[in-house]
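Architecture at a glance
If you want the building blocks of each chain, they are given just below.
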Amino acid sequence: ILKVFLPWAPRSLERYPCKNAERGLEPMEIGIAWDFSNFIVFPTVCFMQLMFLSPYVHQTCLALLGWAFFYYAFTRYVYLRFTKACWFTTPRLTFLVMLFWGIPLAVVASSTCMWWLRAGWLLKEEARVWKILVIVVVFIISCMAWS
């Protein structure tokens with residue numbers, strides 16, 4: 001039973017090497033690669049509400065700001081106290097994160113375009129299909145401009 005819970009357990013418990021005991025006491029590796037979802041998904045969801053929930057958008061953006069402060073303090077504490085340094089990043093990961101960060105920015109740009117269309121400042125007399133097409137084009141251009 002002890003063998004299941006013992007980290008880096010050898011085949012038999014008659015002899016437990018010192019190296020295995022040292023490895024068992026090491027902290028876990030830092031998980032920055034998995035934190036990128038928080039940095040992309042949460043702002044995108046919050047900014048998507050700019051298109052739909054106009055009376056409550058300031059509250060969701062304030063909640064996002066509060067989450068950002070909390071998450072900064074939490075990860076600073078966890079990463080500096082309970083994890084060890086490791087090298088796992090690649091140029092491909094960095095490129096994809098930077099590419100996907102364009103999505104929240106494009107959502108803000110397209111919601112701005114949508115509100116201009118609703119206010120009548122842009123394409124006042126055009127059909128709804130053209131207005132939707134303009135919003136999609138603004139989203140794509142904003143994503144391309146970021147990358």
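Everything numeric in this text was worked out from a predicted model, so none of it was measured. (Residues numbered from 1 in each chain as written. Predicted model: local features only at pLDDT ≥ 70, side-chain atom pairs only at ≥ 80, totals over all residues. Heavy atoms only, no water.)

1. Here we look at the nonpolar core
Just so we agree on the cut-off: To form a nonpolar core, buried Ala, Val, Leu, Ile, Met, Phe, Trp, Tyr and Cys residues must be joined to one another through side-chain atoms within 4.5 Å. Residue exposure (1.4 Å probe, protein chains only): buried if accessible area is under 20% of the type maximum, exposed if over 50%, otherwise partly exposed. Starting at the N terminus, helices and strands are each numbered in turn, a helix being any DSSP run of H or I of at least four residues and a strand any DSSP run of E of at least two. Note on contacts: a residue pair is in contact if any heavy atoms of the two residues lie within 4.5 Å.
Ranked by size, the top nonpolar core spans five residues in total: M51, C113, M114, L117 and I135. The leading source of residues in this core is helix α6 (residues 102-119), at three residues. The residues contacting M51, other than those within four sequence positions of it, are V107, S110, S111, M114, W115 and R118.

2. Quick notes on the confidence of the model for the protein
Cut-off, in case you're wondering: Confidence scores here are pLDDT values: one per residue, from the predictor, ranging 0 to 100.
Taken as a whole, the protein shows an average pLDDT of 85; of its residues, 97% reach a score of 70 or greater. For the protein, the element scoring lowest by mean pLDDT is helix α1 (residues 2-5), at 71; helix α7 (residues 128-146) scores highest, at 93.

3. Some words on the side chain of S111
Heads up, the condition is: Any pair of N or O atoms that falls within 3.5 Å is considered a polar contact. Within protein, one atom must be able to donate a hydrogen and the other to accept it, and sequence-neighbouring residues count only if both atoms are side-chain atoms.
Within the fold, S111 resides in helix α6. A distance of 2.9 Å separates a polar side-chain atom of S111 from the backbone oxygen of V108. Excluding anything up to four places from it in sequence, S111 contacts L50 and M51.

4. Focus on the packing of helix α5 (residues 91-100) against α6
Inclusion rule: For helices, the axis comes from a line fit to the C-alpha atoms of the stretch in contact; other axes are also lines fit to C-alpha atoms, and the angle between any two N-to-C directions lies between 0 and 180 degrees. If an angle is under 35 degrees, it is roughly parallel; if it is over 145, roughly antiparallel; if it lies from 65 to 115, roughly perpendicular; otherwise it is oblique. For this classification, Asp, Glu, Lys and Arg are treated as charged, while Ala, Val, Leu, Ile, Met, Phe, Trp, Tyr, Cys and Pro are nonpolar and the rest, including Gly, are polar.
At a minimum axis separation of 4 Å, α5 and α6 run at an interaxial angle of 10°. In terms of orientation, α5 and α6 fall into the roughly parallel class. Judged by residue contacts, M98, L99 and F100 of α5 engage G102, I103 and P104 from α6. The residue makeup of the contact of α5 with α6, split by class, is five nonpolar, one polar and no charged.

5. Looking at the side chain of T44
Structurally, the position occupied by T44 is in helix α3 (residues 32-48). Here I40 takes part through its backbone oxygen, which lies 2.6 Å from a polar atom of the side chain of T44. Apart from residues no more than four positions distant in its own chain, T44 is found in contact with I103, P104 and V107.

6. What to know about unusual backbone geometry
Although it is not a glycine, L123 sits at a positive phi angle of roughly 50°. Take L123: it is sitting in the loop between α6 and α7. Note on L123: relative accessible area 32%, which makes it partly exposed.

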